[in-house]
Amino acid sequence: MTRVPPLVARDEFTWEIPAGSVPGMRVPGILFSNRALLGAVESDPSLEQLANVATLPGIVRSSLAMPDIHFGYGFPVGGVAAFDLAEGVVSPGGIGYDINCGVRLLRTSLGVDDVRPHLKALIDSLYRNVPSGVGSRAGVTLSPSEMEEVLANGARWAVDRGHGRREDLAVQEEEGRLAGADPSAVGDGARRRGVRQLGTLGSGNHFLEVQAVDEIFHPEFAPVLGLTPRQVVVMLHTGSRGLGHQVATDYIATMDARLAREGVTLVDRQLSCAPIASPEGERYLRAMAAGANFAWANRQLITDAVRRSFREVFHRSDAEIDLAVVYDVAHNMAKVEEHRVDGAPRRLLVHRKGATRAFPAGRPEVPERYRAHGQPVLIPGDMGTASYVLVGLPGAMERSFGSSCHGAGRLLSRHAAVRRFRFDEVTRALTERGIVVRSASREGVTEEAPGAYKDVEEVVKVAEGAGLTRRVARLVPLGVVKG
DNA sequence: ATGTTC
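Please read these numbers as outputs of a predicted model, since none were measured by experiment. (Residues numbered from 1 in each chain as written. Chains lettered and ligands numbered in written order. Predicted model: local features only at pLDDT ≥ 70, side-chain atom pairs only at ≥ 80, totals over all residues. Heavy atoms only, no water.)

Q: Summarise the protein's contact with DNA strand B; cite the residues concerned and give the values.
A: Near DNA strand B lie 13 residues; those nearest to it are V134, R193, N205, R241 and R414. Near the protein, within 4 Å, the atoms of DNA strand B are sugar or phosphate in 45% of cases. One of the side-chain nitrogen or oxygen atoms of Q197 is found 2.8 Å away from a phosphate oxygen of DNA strand B. Interatomic distance of 2.8 Å between a backbone N/O atom of S203 and a phosphate oxygen of DNA strand B. (Near = heavy atom within 4 Å. Polar contact = N/O pair within 3.5 Å; in protein donor to acceptor, adjacent residues only side chain to side chain.)

Q: Kindly report on the pairing of strand β9 (residues 231-238), identifying the contributing residues and their values.
A: Judged by how many residues are buried, β9 sits mostly within the fold: eight of eight residues are covered. Burial along β9 is two-sided: the face carrying Q231, V233, M235 and H237 and the face carrying V232, V234, L236 and T238 are both buried. When strand β7 (residues 102-111) meets β9, the two strands line up antiparallel, connected through seven bridges. The partner of R104 across the bridge, within β9, is L236. Judged from the six bridges that link them, strand β8 (residues 207-216) and β9 form a sheet pairing that is antiparallel. (Buried < 20%, exposed > 50% of the residue type's maximum accessible area, 1.4 Å probe, protein only. Helix = DSSP H or I, 4+ residues; strand = E, 2+ residues; numbered from the N terminus. Pairing = 2+ DSSP bridges.)

Q: Before we move on, could you go through helix α5 (residues 144-153) and cite the residues and values that matter?
A: What α5 keeps buried is the set E146, M147, V150, L151 and N153. Where α5 terminates, the next one or two residues include G154, which has phi positive at roughly 60 degrees.

Q: Can you tell me about the packing of aromatic side chains, naming the residues and giving the values?
A: Under the defined criterion, the tally for this structure stands at six aromatic pairs. Taking 6.0 Å as the distance between ring centres and 35 degrees as the angle between the ring planes, the aromatic pair formed by F217 and Y388 counts as tilted. With F217 in the loop between β8 and α8 (221-225) and Y388 in strand β16 (residues 387-392), this residue pair connects regions lying 171 residues apart in the sequence. Judged by relative accessible area, which is 24%, F217 ranks as partly exposed. Given the relative accessible area of 0%, Y388 is considered buried. Taken together, a centroid distance of 5.7 Å and an interplanar angle of 25 degrees make the contact between F310 and F314 stacked. Here F310 pairs with F314, and both are found in helix α10 (residues 279-314), just four residues apart, close to one helical turn. (Phe/Tyr/Trp six-rings, centres within 6.5 Å; stacked < 30°, edge-to-face > 60°.)

Q: Outline the nonpolar core, listing residues and values.
A: Grouped together as the largest cluster of nonpolar side chains are 61 residues, with contacts concentrated most on L31, V247, Y284 and M288. Here V247 is in contact with I99, V186, A190, Y284, A287 and M288, once residues within four sequence places are set aside. Counting residues in hydrophobic clusters, the runner-up holds 60 residues, among them L227, V232, L323 and V481. (Core = buried A, V, L, I, M, F, W, Y, C linked by side-chain atoms within 4.5 Å. Contact = heavy atoms within 4.5 Å.)

Q: Help me get a handle on empty space enclosed by the protein, residues and values and all.
A: A complete count under the given rule lists one cavity of 30 Å³ or more for this structure. Lining the largest cavity we find E173, A330, M333, K335, R352 and R357. When the residues that make up the lining of the largest cavity are grouped by side-chain class, the tally is two nonpolar, no polar and four charged. (1 Å grid on protein atoms, 1.4 Å probe; cavity = no way out; pocket = protein on both sides within 12 Å on 5 of 7 lines; lining within 4 Å. Points joined across faces, edges and corners; volume = space filled by probe spheres on them. Nonpolar A, V, L, I, M, F, W, Y, C, P; charged D, E, K, R; others polar.)

Q: So what's going on with helix α9 (residues 241-262)? Which residues, and what values?
A: Between its terminal C-alpha atoms α9 stretches 32 Å, which fits the 32 Å expected from 22 residues at 1.5 Å a residue. Against β6 (89-90), α5, α7 (188-194), β9, β10 (274-275) and α10 lie the buried residues of α9. Among the residues trailing α9, G263 stands out with phi positive, at a value near 70 degrees. (Expected span 1.5 Å × (residues − 1).)

Here it is as structure tokens:
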């Protein structure tokens, strides 16, 4: 039975579920939202999930949710929670089944008018070069030793093997390689699922989109990112595929067994977790890092395929088309980071599940090239509306452990969206707006119909109003490959 | 998200 916890307005963009609203809450729940978005969540079980997270041992300050919050496994999607390293827990449900699901943005030297006449050919070529859909398989199979290297080295493995440029790495979160990865913590089942999946898009909300820069909001930072109005860019959204999913499945089972052994009961069994300082917790974090590296290698191989498609369609060299990486973010991840708590610096394990790190200017984790401005935050919207580039602000460090939103956020479940929308109508509405769509399945289109999502404009306005991030550029879709 | 309910 769903209990809807009370929401108390704290300011225009901040709502609180006071500690004590749900039995066992150790800290309050904080939701960044506004009146326009609240209607979608007020009676939603995602708020109960936000409160449930606040019951976990060692949680620091508050259980947080971004404006794109929706119902997830255990933790809400859009959830952020930080834990004390000695007293706290790590929970796979706080990271998500798709470990290091994330977004990469590539820029081109082409303008809308250069691409429009070749748009259909370009989307067809991308569809051919990047396997997509449920169970999509890569043309190549990783050998056992290659798998070891992918899990240990992420995007760096791909670049070392000639799949990309050395300079691609400097502009990725963690430079595309999370330290602390232990391939031996990734089971045989997970490896088997991954061997034919590197360089594949997958399904669901994963996509590869050709977009145009529609509007610049931050005239100082946009040129540093190489973004100008009417420029064509490419956004890709995917993660660690079946490998990451199997890692999550395996460790949830391990943690469930430990909880049963210790006689611990949780308010929701989907909050399955283990102490950070335990063999199960430590081993999961090493496996999670390896899964994250698989995802970064995946996005790097897809980058390589995107460059191939542009060469094929435009008959120009890589240097002419540019296709430089602007940035690559993870939005399903847990990381040890330093944050100020009650005025003192403290190392915490920050879970972000459908939430993006959004560090401000000056943080050493921000690439040197961008450090004077802050970390780029990449926000895919829905395929009919718009996506955004944002930048982290000091307010994110003060309020959300350096985090912001990750997308528009679902309004309807997949099932509800398939019942609500018809494939032909969704496709026609997009075609009428000049958007070319290729999908591996009809469900890929109806599940992801623009009407299944919240208004991304409202989501980014809340993230800005709450002081977490500011808008840098708005990107509009020209063509999309859906999983 | 996911060999979409091993």
